[in-house]
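Listed below are the residues making up each chain.
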Amino acid sequence: MNRRGPKVVALGGGHGLYASLSALRTVTTDLTAVVTVADDGGSSGRLRRELGVLPPGDLRMALAALCGDDEWGKTWSRVVQHRFRSEGELHGHAVGNLLIVALWELLDDPVKGLDWVGRLLGAHGRVLPMASVPLDIQAEVELDGVVTTVQGQVACAVTPGRVQAISLLPPDPPACPQAVEAIEEADWVVFGPGSWFTSVLPHLKVPELAHALHSTSARRLVILNLAPQPGETDGFSPEKHLEVLREHAPSLLIDAVLADEGVVGDLRELEKAAVSLGGRLVLADVAASDGSPRHDGPRLAAVLDEIFREKR
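Because the structure is predicted, anything quoted here is derived from the model rather than measured.

Engineer: When you look at the nonpolar core in this model, what are you seeing that I'm missing?
Structural biologist: Across soluble globular proteins, nonpolar side chains have a tendency to be buried as a group. The biggest cluster of nonpolar side chains holds 99 residues, and the ones touching the most others in it are Phe 191, Leu 221, Leu 258 and Phe 308. A total of six residues in this core trace back to one element, the largest contributor, which is helix H13 (residues 297–308). Leaving out residues up to four positions away in the same chain, Leu 258 has contacts with Leu 221, Val 222, Ile 223, Leu 224, Val 282, Ala 284, Leu 300, Val 303, Leu 304 and Ile 307.

Written out as structure tokens, the structure is:
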């Protein structure tokens, strides 16, 4: 395959990263996903607790997003996303989670295992964990003037209070070396969309990863969410997301911020927040036409292509 497009590294996890990867894989052939490894719920949480492995769920979703649009890609994407339904122990487990963990056990190397799954799926890019060990997210949460500590990705995502800041346990986890290398060699690094506190910001709490994100010569793009996430970012305006990013990484400079024009309330405030990070604001129609808070893949891809080629 002839290489086209810039070297892009996309950061995140879950459905947000799935959306950005689905668009990015049509824009560039040199794509790496660096994925959070703090999930402690569902199939991932069970496998993590039982076998001591990295939670595979967000890694699986990223691989599924990178599958091609041909019959092979569509079929394997459905297979790895398939969940068993039963009255027994397999209930709720995703096929892809079991496949990934099996390869980890056979190869004793998380990155090699993910590369093998990527080859099987015909993935249009590479998927890497952000850290070499499973992580737990710890959040400072304010509710009615009282600040408490909440631990675990699921607990942070559904907390009734307002998340103020996050940290990781262990506090200085080892980064995945290949993820650091990918960021150092990238042309563009993409933050978001996704769960701000549990999928996007955790990358900035892994010391080696944070250093690479600050020192890389790559340009940096933030894709803002289309709606606040219930529990985690209730009441957050688009500019509030940028303010929180700045609070967690005060010296991180951003080159561009992409926002859907339909969800911007105070344009001046959003522009001001983008400029405070060193970047420019790009407004575009990138939301799904059905009104749901999802990015439209082809629309997002077209705008990303223009940003990368400096047409916007």
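Engineer: Could you clarify how one ought to interpret empty space enclosed by the protein in this entry?
Structural biologist: One way to see where empty space is left: roll a probe the size of a water molecule over the atoms. In the structure shown here, the tally under the stated rule is one cavity of 30 Å³ or more. For the largest cavity, the calculated volume is near 30 Å³. Residue lining of the largest cavity: Arg 60, Leu 63, Val 80, Gly 96, Leu 99, Ile 100, Val 117 and Leu 121, and that is the complete set. Of all the elements in the fold, those that place two or more residues in the lining of the largest cavity are helix H3 (57–65), helix H5 (95–107) and helix H6 (110–121). When residues of the lining of the largest cavity are assigned to their parent elements, the largest contribution, three residues, is made by H5.

Engineer: Which parts of the structure should I look at to understand the pairing of strand E1 (residues 7–12)?
Structural biologist: Taken residue by residue, a regular strand's side chains alternate between the two faces of the sheet. Across the six residues of E1, five count as buried, placing the element largely inside the fold. Here six bridges tie E1 to strand E2 (residues 30–35), and the two strands are oriented parallel to one another. Following the sheet pairing, Gly 12 is matched in E2 by Val 35. Note on the crossover from E1 through helix H1 (residues 14–24) to E2: the handedness is right-handed. Pairing between E1 and strand E7 (residues 188–191): four bridges, direction parallel. When the sheet's bridge partners are listed, Val 8 is paired in E7 with Trp 188.

Engineer: What's the story with the layout of surface pockets in this structure? I'm lost.
Structural biologist: Roughly 910 Å³ of internal volume is contained in the largest pocket. Lining the largest pocket we find 38 residues, and of these Gly 13, Gly 14, His 15, Gly 16 and Ser 195 sit closest to its centre. Put simply, the parts of the chain that give the lining of the largest pocket at least two residues each are H1, helix H2 (42–51), H3, helix H7 (153–158) and helix H9 (196–200). Considering every element that reaches the lining of the largest pocket, the biggest residue donor is H1, with six residues. For the lining of the largest pocket, the per-class residue count stands at twelve nonpolar, 20 polar and six charged. Put simply, the second largest pocket is a space of about 260 Å³. Surrounding the second largest pocket, 17 residues form its lining, Asp 30, Leu 31, Thr 32, Arg 126 and Ala 182 being those nearest its centre. For the lining of the second largest pocket, the secondary-structure elements that each account for two or more residues are E1, E2, strand E3 (126–129) and helix H8 (177–185). The dominant element in the lining of the second largest pocket, judged by the number of residues it contributes, is H8, at four residues. Considered class by class, the residues forming the lining of the second largest pocket number seven nonpolar, five polar and five charged.

Engineer: I tried to follow the sheet that holds strand E9 (residues 256–260) on my own but got confused; where do I start?
Structural biologist: One key point about sheets: their strands pair by backbone hydrogen bonds, in either a parallel or an antiparallel sense. Spatially, the seven strands line up as an open sheet ordered E3-E2-E1-E7-E8-E9-E10, and their pairing is parallel. The outermost strands of the open sheet, each flanked by one partner alone, are E3 and strand E10 (280–284). Sheet twist, expressed as the mean angle between neighbouring strand axes with direction ignored, is 20°. Both E9 and E10 contribute to a ladder of five bridges, which runs parallel. Bridging across to E10, Ala 256 finds its partner in Arg 280.

Quick notes on the rules
- Residues numbered from 1 in each chain as written.
- Predicted model: local features only at pLDDT ≥ 70, side-chain atom pairs only at ≥ 80, totals over all residues.
- Heavy atoms only, no water.
- Core = buried A, V, L, I, M, F, W, Y, C linked by side-chain atoms within 4.5 Å.
- Buried < 20%, exposed > 50% of the residue type's maximum accessible area, 1.4 Å probe, protein only.
- Helix = DSSP H or I, 4+ residues; strand = E, 2+ residues; numbered from the N terminus.
- Contact = heavy atoms within 4.5 Å.
- 1 Å grid on protein atoms, 1.4 Å probe; cavity = no way out; pocket = protein on both sides within 12 Å on 5 of 7 lines; lining within 4 Å.
- Points joined across faces, edges and corners; volume = space filled by probe spheres on them.
- Pairing = 2+ DSSP bridges.
- Right-handed = clockwise from strand over helix to strand, strands pointing away.
- Nonpolar A, V, L, I, M, F, W, Y, C, P; charged D, E, K, R; others polar.
- Axes fitted to C-alpha atoms, helices over the stretch in contact; angles between N-to-C directions.

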